[in-house]
Amino acid sequence: MNFILKSAACIFITTVAFAADSLPNLTSSPETVEKVWGNYDPRTEPIDAKVVREWQEDGLTLKYIVYSIGTFKGTPATMAAFYGFPTGQKNLPGLIHMHGGGQRAFLHEVKRYAKRGYATLSVNWGGRPMENSGSEDPNTDWGAVDPTQNNVAGYSNLLPQNQTIDPFPSARNNNWFLLTIGCRRGITFLEKQAEVDADRIGVYGHSMGGRLTGLVAGTDNRVKAASPSVGGSGFLQTNLWGLPGSARRVRGDLNLFQQTIAGQAYLKKVTCPILYLSATNDFNAPMDFVEQGMNLVKHKNKCTTYAPHLNHRFTPETEISRPLWFDSHLQKRFKFPDPPVGVLILDRENGIPVFQVRPDTSMQIEKLDIYYGYERDPRNRFWSAGHVTKRESSWEARCPVFDLDEPLFVFANVYYRMDANQKRLGDPETFVMSTADAAYPDTLHKANVKPTKLTSPLIDDFQNGFRDWYTLNGNNRPLWQHW
């Protein structure tokens, strides 16, 4: 690019060389996921990885690294990350961890999975200071664009701004697009490492990292297993049933957003095994949307695990399902059971619905819990534990309703006991697989369901302890909470 500088005495002509941009110029807005990503290849440009610091700890090789994301609007962008693996081992499966909102790359995640036999990369997409970093250490630098939480409006935006890619409404102007590029480049880093088997790479993340997991898995066939948690369900720009105005807003054309950058558009594209880890009362990935989103995954190698009563967190028995999912699909340590099959039976002589569950019995089942609830907003829904009875190869519980003009929601958790070969140090004794269903008023009326459940001033008689509650800080007497 030539700049001409004029003065009274003379004219100076200066030439400045800019790097070629990583993204092709478009003349109109891409209208599908395929068109958004069709001209981008995360392998084309050099990854240019640099080691800021390397050390040994507990049999692991750990590194603080920086790699090239690409060039946007003439300015290079770089990603900082922690990387680790079991020292001296080769042919390792790889994992990419994507942190949640307000967080940063997690060294403890790298250590945890490296100890389980993975070469693990935790990317610092948000650009917050890295753990134990010095003021001179390089960090994530997005250059001329900003998809971090310094630009919160960019997550719902399609419109052109100073720091966006296209001069017209486009998914490429959305933060999630650029963050997905940064994480896909992390896959390129992993597959180039001598200790990594490039054909066994998985991705996972929590909250905003869960959203990124769906985007990365839906666009990159190098991903061989995925596990989003409490993010990436899709449908967030849609009203919850019976709750007008509950949808999140979009800056730009809503239909274009839904078709090109919304979570559900990418779940449709996921071809690898996927475990969705969620909580029944989550605010960021409402349970009803998780069910809708996972129904869009076209293959059968998928599973959902729900932590009962919780919001944006998990119990040890539900959380462990994710590392076990990777152990099963990337290390072949054991065969993950098939997902349980749940059927909500409505048309019964007594008018009381029953949720019947048929789990895979190839592993020992420790217990099976069934819950039911009514509240339209899954964030506020109270889940009652049903009385479960076993009938040959199925388990079932009655799920009575108060009001035929309100929906009925049900789910079941199957707790499988692990043997010594499947457990790692610190793992709980069991892991969970879930199944869920729902029936809305039209269906309840047609099936002649009867409203038989009565209200009561009694909250709980505690005959079952804290079964229908969850506890925080249970061992700290001044700080305990029961909800």
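This text goes with the structure placed above it.
Residues numbered from 1 in each chain as written. Predicted model: local features only at pLDDT ≥ 70, side-chain atom pairs only at ≥ 80, totals over all residues. Heavy atoms only, no water.

1. Notes on the nonpolar core
Right, on to step 1. Ranked by size, the top nonpolar core spans 71 residues in total, and within it Tyr67, Phe72, Leu121, Val123 and Val203 carry the most contacts.
Right, on to step 2. Sort the elements by how many residues they give to this core and helix α3 (residues 175–191) lands first, with nine residues.
Right, on to step 3. Apart from the residues lying within four places of it in its own chain, the contact partners of Val123 are Tyr67, Met79, Ala80, Ala81, Ile96, His97, Met98, His99, Ala105 and Cys183.
Right, on to step 4. If you look at the next biggest cluster of nonpolar residues, it comprises 34 residues, including Trp325, Phe355, Val410 and Leu444. (Core = buried A, V, L, I, M, F, W, Y, C linked by side-chain atoms within 4.5 Å. Buried < 20%, exposed > 50% of the residue type's maximum accessible area, 1.4 Å probe, protein only. Helix = DSSP H or I, 4+ residues; strand = E, 2+ residues; numbered from the N terminus. Contact = heavy atoms within 4.5 Å.)

2. A few points about unusual backbone geometry
Right, on to step 1. Positive phi values are uncommon outside glycine, yet Val230 reaches one of about 40°.
Right, on to step 2. The residue Val230 is located in the loop between β9 (223–229) and α5 (254–260) in this model.
Right, on to step 3. Its identity is not glycine, yet Phe462 carries a phi of approximately 60°, on the positive side.
Right, on to step 4. Turning to its location among the elements, Phe462 is positioned in the loop between α10 (441–446) and β20 (471–472).

3. Observations concerning the side chain of Ser384
Right, on to step 1. On the secondary structure map, Ser384 appears in strand β15 (residues 384–385).
Right, on to step 2. Judged by relative accessible area, which is 12%, Ser384 ranks as buried.
Right, on to step 3. Excluding residues within four positions of it along the chain, Ser384 makes contact with Ile370, Tyr371, Tyr372 and Asp468.

4. Here's the deal with the packing of α3 against helix α4 (residues 208–217)
Right, on to step 1. Two elements in contact, α3 and α4, have axes whose closest approach is 9 Å; the angle formed by their N-to-C orientations is 70°. One element, α3, and the other, α4, form an angle in the roughly perpendicular class. Contacts between α3 and α4 pair Trp176, Leu179, Thr180, Cys183, Arg184 and Ile187 from the former with Met208, Arg211, Leu212, Leu215 and Val216 from the latter.
Right, on to step 2. In terms of residue class, the contact of α3 with α4 is made up of eight nonpolar, one polar and two charged. (Axes fitted to C-alpha atoms, helices over the stretch in contact; angles between N-to-C directions. Parallel < 35°, antiparallel > 145°, perpendicular 65-115°, else oblique. Nonpolar A, V, L, I, M, F, W, Y, C, P; charged D, E, K, R; others polar.)

5. A closer look at the sheet that holds strand β17 (residues 394–398)
Right, on to step 1. With antiparallel pairing, four strands are arranged side by side in an open sheet as β12-β13-β17-β16. Of all the strands in the sheet, the pair left with one neighbour each is β12 (341–345) and β16 (389–391). Between one strand axis and the next, the sheet turns by 25° as a mean value, whatever way the strands run.
Right, on to step 2. In this sheet, β17 lies alongside strand β13 (residues 354–358) in antiparallel orientation, the contact comprising four bridges. Bridge pairing in β17 places Phe355 opposite Ala397. (Pairing = 2+ DSSP bridges.)

6. Details of the pattern of salt bridges
Right, on to step 1. Enumeration over the complete set of coordinates arrives at 24 salt bridges.
Right, on to step 2. Two residues, Asp427 and Arg116, come together in a salt bridge whose shortest N-O distance is 3.1 Å. With Asp427 in the loop between β18 (408–417) and β19 (430–439) and Arg116 in the loop between α2 (107–115) and β7 (119–123), the pair connects residues that are 311 residues apart, well separated along the chain.
Right, on to step 3. Lys367 is the salt-bridge partner of Asp369, the closest N and O atoms lying 3.6 Å from each other.
Right, on to step 4. When salt bridges with common partners are traced through the structure, they connect Arg43, Arg184, Glu191, Asp220 and Arg222 into a single cluster. (Salt bridge = Lys/Arg side-chain N within 4 Å of Asp/Glu carboxyl O.)

7. Examining the state of the cysteines
Right, on to step 1. Throughout the structure, instances matching the rule amount to zero disulfides.
Right, on to step 2. Looking at Cys183, it has no disulfide partner, and the nearest cysteine sulfur is the one in Cys272, 15 Å off.
Right, on to step 3. For Cys399, which is in no disulfide, the shortest distance to another cysteine sulfur is to Cys303 and amounts to 20 Å.
Right, on to step 4. Take Cys399: its relative accessible area is 0%, and that puts it in the buried class. (Disulfide = S-S within 2.5 Å.)

8. Points about the packing of aromatic side chains
Right, on to step 1. On inspection of all chains with the given rule, the structure shows 28 aromatic pairs.
Right, on to step 2. Ring plane angle 70° and centroid distance 6.1 Å describe the contact between Tyr372 and Tyr374, whose orientation is recorded as edge-to-face.
Right, on to step 3. Look at Tyr372 and you get buried, because its relative accessible area is 7%.
Right, on to step 4. Through successive ring pairs, a cluster of aromatic residues spans Trp325, Phe334, Phe336, Tyr416 and Phe431. (Phe/Tyr/Trp six-rings, centres within 6.5 Å; stacked < 30°, edge-to-face > 60°.)

The values are spatial; any link to function lies outside them.
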